[in-house]
Amino acid sequence: MRKAIIFSLAVLAGCSAETKPLTVADAVEAGFVKKSQKMFQTIGAQDGWSGTWHDEKVELYQFESIELVNGNIFEGATQAGNISGWVDMCQVENMLMLSKGRKACNELNSLTDQ
């Protein structure tokens, strides 16, 4: 009986634990190669880097929480005819990424599969 109670408490504790926000370090571990730091503070992010991921040029921004990510900042950057060359923008949890291709967003999405 005592073992059952301890097991139940452990399961409940595990279920109530919040998932930690994703970090640029998580992306680096998954293959993102940092090149130069961006002025991430201007968009309210905690960290931001340009670099490459899956052989595509990207900008990756880390926010404190999902609620603080504002994808509208880059809304025009991926529209047809934009001069920046950005093709895709994606948000995965508290991370926002611009990419000059279509593969890097799949890599960012894979961070939640771990």
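Residues numbered from 1 in each chain as written. Predicted model: local features only at pLDDT ≥ 70, side-chain atom pairs only at ≥ 80, totals over all residues. Heavy atoms only, no water.

1. So, the state of the cysteines
By the definition in use, this model includes 1 disulfide. Between the sulfur atoms of Cys90 and its disulfide partner Cys105 the distance amounts to 2.2 Å. With the S-S bond torsion at -95°, the cross-link from Cys90 to Cys105 turns out left-handed. Linking Cys90 in strand β4 (residues 88-92) with Cys105 in helix α3 (residues 104-109), this pair joins segments that are 15 residues apart in sequence. Residue classification places Cys90 among the buried positions, given a relative accessible area of 11%. (Disulfide = S-S within 2.5 Å. Helix = DSSP H or I, 4+ residues; strand = E, 2+ residues; numbered from the N terminus. Buried < 20%, exposed > 50% of the residue type's maximum accessible area, 1.4 Å probe, protein only.)

2. So, the side chain of Ser50
Along the chain, Ser50 turns up in strand β2 (residues 47-53). Exposure remark for Ser50: the relative accessible area of 13% places this residue in the buried category.

3. Overview of the packing of aromatic side chains
Tallied over the entire structure, the rule returns 2 aromatic pairs. When the ring of Phe32 is compared with that of Trp53, the centres are 5.9 Å apart and the planes differ by 50°; the resulting orientation is tilted. You can see Phe32 sitting in the loop between α2 (24-29) and β1 (33-37) and its partner Trp53 sitting in strand β2, a full 21 residues away along the chain. We classify Phe32 as buried; its relative accessible area is 2%. Taking the relative accessible area as the measure of exposure, Trp53 reaches 1% and is therefore buried. Judged by centre distance (5.5 Å) and plane angle (25°), the rings of Tyr61 and Phe74 are stacked. Taken together, the residues span a long stretch of sequence, with Tyr61 in strand β3 (residues 56-62) and Phe74 in the loop between β3 and β4 at a distance of 13 residues. Each of the two residues, Tyr61 as well as Phe74, counts as buried. Just above the ring of Trp49 sits the side chain of Lys34; from NZ or CZ to the centre is 4.4 Å. Across from the ring centre of Trp86, 5.0 Å away, lies the NZ or CZ of Lys100, which sits over that ring. (Phe/Tyr/Trp six-rings, centres within 6.5 Å; stacked < 30°, edge-to-face > 60°. Lys NZ or Arg CZ within 6 Å of the ring centre and 35° of its normal.)

4. Topic: the sheet that holds β2
The sheet built from 5 strands is open, its strands ordered β1-β2-β3-β5-β4 with antiparallel pairing. Both outer strands of the open sheet, β1 and β4, are each paired with one neighbouring strand and no more. Across the sheet, the mean angle from the axis of one strand to that of its neighbour is 25°, orientation sign disregarded. (Pairing = 2+ DSSP bridges. Axes fitted to C-alpha atoms, helices over the stretch in contact; angles between N-to-C directions.)

5. Topic: the confidence of the model for the protein chain
When pLDDT is averaged along the protein chain, the result is 85; 83% of the residues meet or exceed 70. The secondary-structure element of the protein chain with the lowest mean pLDDT is helix α1 (residues 2-16), recorded at 42, while β1 shows the highest, at 98. (pLDDT = per-residue confidence, 0-100.)

6. Some thoughts on the side chain of Asn94
Mapped onto the secondary structure, Asn94 falls in the loop between β4 and β5 (95-99). Not counting chain neighbours up to four residues away, the residues in contact with Asn94 comprise Pro21, Leu22, Tyr61, Gln62, Phe63, Ser65, Ile66 and Val69. (Contact = heavy atoms within 4.5 Å.)

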